[in-house]
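# Architecture and fold: a report
Here are the chains, one letter per residue:
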Number of protein chains: 2
Amino acid sequence: MDKLINGRRYTETEQGPRFAPCAPHSVLARLGDKWTILVMSHLAVAPGHQLRFSTLKSGIEGITQRMLTLTLRNLERDGLLIRHYFPEVPPRVEYELTEMGAGMLPALEGFTSWIRDNWPRIEDCRRAYDEARR
Amino acid sequence: MDKLINGRRYTETEQGPRFAPCAPHSVLARLGDKWTILVMSHLAVAPGHQLRFSTLKSGIEGITQRMLTLTLRNLERDGLLIRHYFPEVPPRVEYELTEMGAGMLPALEGFTSWIRDNWPRIEDCRRAYDEARR
DNA sequence: CTGGATCCACCTCGATACTG
DNA sequence: CAGTATCGAGGTGGATCCAG
C-alpha cells in the first residue's frame, strides 16, 4: 500500500522509498516557467478573476505576445482558466480563472509566503556560495 | 506602500497591479526542474534528513551522476542542504537538509497535497483539450 | 485586438569518458 | 565512491513579421 509523506505518494522497497510518478513535478514545472506565476497572480487580484488579453499584456512587464499566448494556452489546457472569445470588431478575449484555478490560489499562497519569508536568506546563501568559489 | 495578495508583494499603479521582482519564480523554477523535488522528497523521509550520494543515486530511478551532482549543488547554493565530505578511502559524502530546507517541507506539502487532490482532474482537462484539437 | 508562423540563441539535460 | 569534462540533442523563450 502507498503511504503519504509531505504530500507525496510513495511505496517502501528494499532499496528505500520509491516515489510515485511525479505529478507534482508536472505542475511545478509549469508554475516554474517564466511567466505562469505572473499571469496567475494578475488573474488572482483581478475583479472576477477575469482579464482581457491586452490588459494582461500591458500589466506584465516584458512579456511578448507570443509568450503570453503560450502561457495562457498551457493554463487553459490544464483547466486552470477559461478563454472567452467575443467575435466583435475588434475582437475581444477575456481569460477567467476556473473554479479549480481559483482553488489553487490558497495552496499556492502558503508556499509563496514561505518563499517570501525566506527569500533574503536564500539570496544571502547564494551570494556566500558564489563568493566562496571565486 | 506594498500590499500582499496570495503571498505576493505588489504595488497599485494606474495600469493595475505591478508585482515585485519575482522571488517565487526563482524558487519555483528550481523546484520545477527535473530532479529537485525527488531529491528533496528522499531527504525529507530519510532518518535525520540525511543521505549519502550513492543512496540518493540508487533511490532515484533514472538520474545520472551528473544531474544528481548538479541538483545537489543548486540546493546547496540556496542553503537548503549541506554537504558533509569525509576524506576516507573510498570517500564518503552525506547530504543533509538544513534547518531552512526542513522548514520548507510543510509549506511545500500544502501545495503538493493540492496537486495530488486535483491531479486527476488536471489530467482529464489536458486529455479533453488535446482531444478537442485533433 | 488577438494571435499564428518563423527563425534563432540559449539553456537544460542525457550519454559517455575520465579522475582523485 | 563521488565526482568533473565534454559533446550533442532537444526544448524554451525572444524577435520579428504576417493575418483575421
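Criteria and cut-off values
Residues numbered from 1 in each chain as written. Chains lettered and ligands numbered in written order. Predicted model: local features only at pLDDT ≥ 70, side-chain atom pairs only at ≥ 80, totals over all residues. Heavy atoms only, no water. Near = heavy atom within 4 Å. Polar contact = N/O pair within 3.5 Å; in protein donor to acceptor, adjacent residues only side chain to side chain. Helix = DSSP H or I, 4+ residues; strand = E, 2+ residues; numbered from the N terminus. Core = buried A, V, L, I, M, F, W, Y, C linked by side-chain atoms within 4.5 Å. Buried < 20%, exposed > 50% of the residue type's maximum accessible area, 1.4 Å probe, protein only. Contact = heavy atoms within 4.5 Å. Salt bridge = Lys/Arg side-chain N within 4 Å of Asp/Glu carboxyl O. Pairing = 2+ DSSP bridges. Axes fitted to C-alpha atoms, helices over the stretch in contact; angles between N-to-C directions.

As annotated in an unreviewed UniProt entry, chain A carries the name Helix-turn-helix transcriptional regulator and is attributed to Paraburkholderia acidicola.

Before going further, it helps to examine the protein's contact with DNA strand D. Among the 20 residues in the neighbourhood of DNA strand D, the closest are listed as Lys34 of chain A together with Ser54, Gln65, Arg83 and Tyr95 of chain B. Counting only atoms of DNA strand D within 4 Å of the protein, the sugar-phosphate share comes to 60%. In the environment of DNA strand D, a phosphate oxygen lies 2.9 Å from a nitrogen or oxygen atom belonging to the side chain of Ser54 of chain B. Considering each element in turn, the surface near DNA strand D owes the most residues, 4 residues, to helix 4 (residues 65–77) of chain B.

Right, let's get into the nonpolar core. Within the largest apolar cluster, 69 residues are counted, with the highest numbers of intra-cluster contacts made by Met104, Phe111 and Trp114 of chain A together with Leu72, Met104, Phe111 and Trp114 of chain B. Non-local contacts of Phe111 of chain A, meaning those with residues more than four positions away in its chain, are made with Leu28, Leu31, Met104, Ala107, Leu108 and Phe111 of chain B.

Bringing the pattern of salt bridges into the picture now. Residue and element names in this part refer to chain A. Following the criterion strictly, the structure yields 12 salt bridges over all chains and no others. For Arg30, the salt bridge identified is with Asp33, shortest N-O distance 2.9 Å. One salt bridge connects Arg127 with Asp124, and the closest N-O pair in it is separated by 2.8 Å. In this pair, Arg127 and Asp124 both sit in helix 5 (residues 99–132), 3 residues apart, roughly one turn of the helix.

This part takes up the sheet that holds strand 5 (residues 81–86) of chain B. Residue and element names in this part refer to chain B. The strand order across the open sheet formed by 3 strands is 4-6-5, and the pairing between neighbours is antiparallel. Either end of the sheet is taken by a strand with one partner, and the two such strands are strand 4 (50–52) and strand 5. With strand direction ignored, the average angle separating the axes of adjacent strands in the sheet is 25°. Contacts from helix 4 reach strand 5 and strand 6 (92–97) within the one sheet, and its direction differs from that of strand 5 by about 115°.

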